[in-house]
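Fold and contact review
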Amino acid sequence: MAGYTVEPEARSWTATKVVSIIVAILTAGYMLPWCIAAVRDVPHWAVFWINLLLGWTIIGWIVALVMALRAQKVVVRP
């Protein structure tokens, strides 16, 4: 038995876990304008598509954020 070592069956991939958490946080940050628009009841599908397709340009992300934060239409009922 001198040549045998005992190792766990499954290794813990700490680096993989850390990278997956970082990717999840970055994805949430990337889609933040769409989340804000959905919560504020702004027409959010336009924000979604602009954010998804043009958000990587940073300018597209800022445009989507501005659209999400724009003033809501106010309906005054007598």
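Residues numbered from 1 in each chain as written. Predicted model: local features only at pLDDT ≥ 70, side-chain atom pairs only at ≥ 80, totals over all residues. Heavy atoms only, no water.

1. Observations regarding the overall build of the protein
Let me state the cut-off plainly: Helix numbering and strand numbering both begin at the N terminus, where a helix is a DSSP run of H or I of at least 4 residues and a strand a DSSP run of E of at least 2. Between buried and exposed lies partly exposed: a residue is buried under 20% and exposed over 50% of the maximum accessible area for its type, with that area taken using a 1.4 Å probe on protein chains only. Residues are treated as being in contact if the distance between any of their heavy atoms lies within 4.5 Å.
Looking only at helices and strands, the protein has 4 helices and 0 strands in total. Walking the protein from its N terminus toward its C terminus, one meets helices and strands in the order α-α-α-α. Seen through its principal axes, the protein has C-alpha atoms that stretch 90 × 30 × 15 Å. Looking at the protein as a whole, 15% of its 78 residues qualify as buried. Across the protein, every contact between residues at least 6 apart in sequence was considered, and the portion connecting residues at least 24 apart equals 45%.

2. Side note on the confidence of the model for the protein
Which entries qualify depends on this criterion: The score called pLDDT rates the predictor's confidence residue by residue, from a low of 0 to a high of 100.
In the predicted model, the protein carries a mean pLDDT of 87, and 94% of its residues have values of at least 70. No element of the protein has a lower mean pLDDT than helix H1 (residues 14–30), which averages 91, and none a higher one than helix H4 (residues 59–69), which averages 94.

3. Some thoughts on the packing of aromatic side chains
For clarity, the threshold we go by: Only Phe, Tyr and Trp rings are paired, with Trp represented by its six-membered ring, and only when their centres lie within 6.5 Å; those with planes under 30 degrees apart are stacked, over 60 edge-to-face, the remainder tilted.
All told, the structure shown has 4 aromatic pairs when counted by the stated rule. Where Trp-34 meets Trp-45, the ring centres are 6.2 Å apart and the plane angle is 45 degrees; that geometry is what we call tilted. In this pair, Trp-34 is assigned in helix H2 (residues 32–39) and Trp-45 in helix H3 (residues 44–54), connecting sequence segments 11 residues apart. You can call Trp-34 partly exposed: its relative accessible area is 25%. Here the aromatic cluster, defined as three or more aromatic residues joined through ring pairs, consists of Trp-34, Trp-45, Phe-48 and Trp-49.

4. Description of the nonpolar core
Soluble globular proteins tend to pack their nonpolar side chains together in the buried interior. What counts, and what does not: As used here, the term nonpolar core means buried Ala, Val, Leu, Ile, Met, Phe, Trp, Tyr and Cys residues forming a set that is joined through side-chain atoms within 4.5 Å.
In terms of nonpolar packing, the biggest core is built from 6 residues, these being Ala-37, Val-42, Val-47, Ala-64, Met-67 and Ala-68. By residue number, the principal contributor to this core is H4, which donates 3 residues. Not counting the four nearest positions on each side in its chain, Ala-68 is found in contact with Pro-33, Ile-36, Ala-37, Arg-40, Val-42 and Val-47.

5. Some remarks on unusual backbone geometry
A positive phi angle, near 60 degrees, is found at Asp-41, a position not held by glycine. Relative to the helices and strands, Asp-41 is located in the loop between H2 and H3. Of note in the backbone geometry, Ile-58 takes a positive phi value of approximately 70 degrees without being a glycine. Residue position: Ile-58 is located in the loop between H3 and H4.

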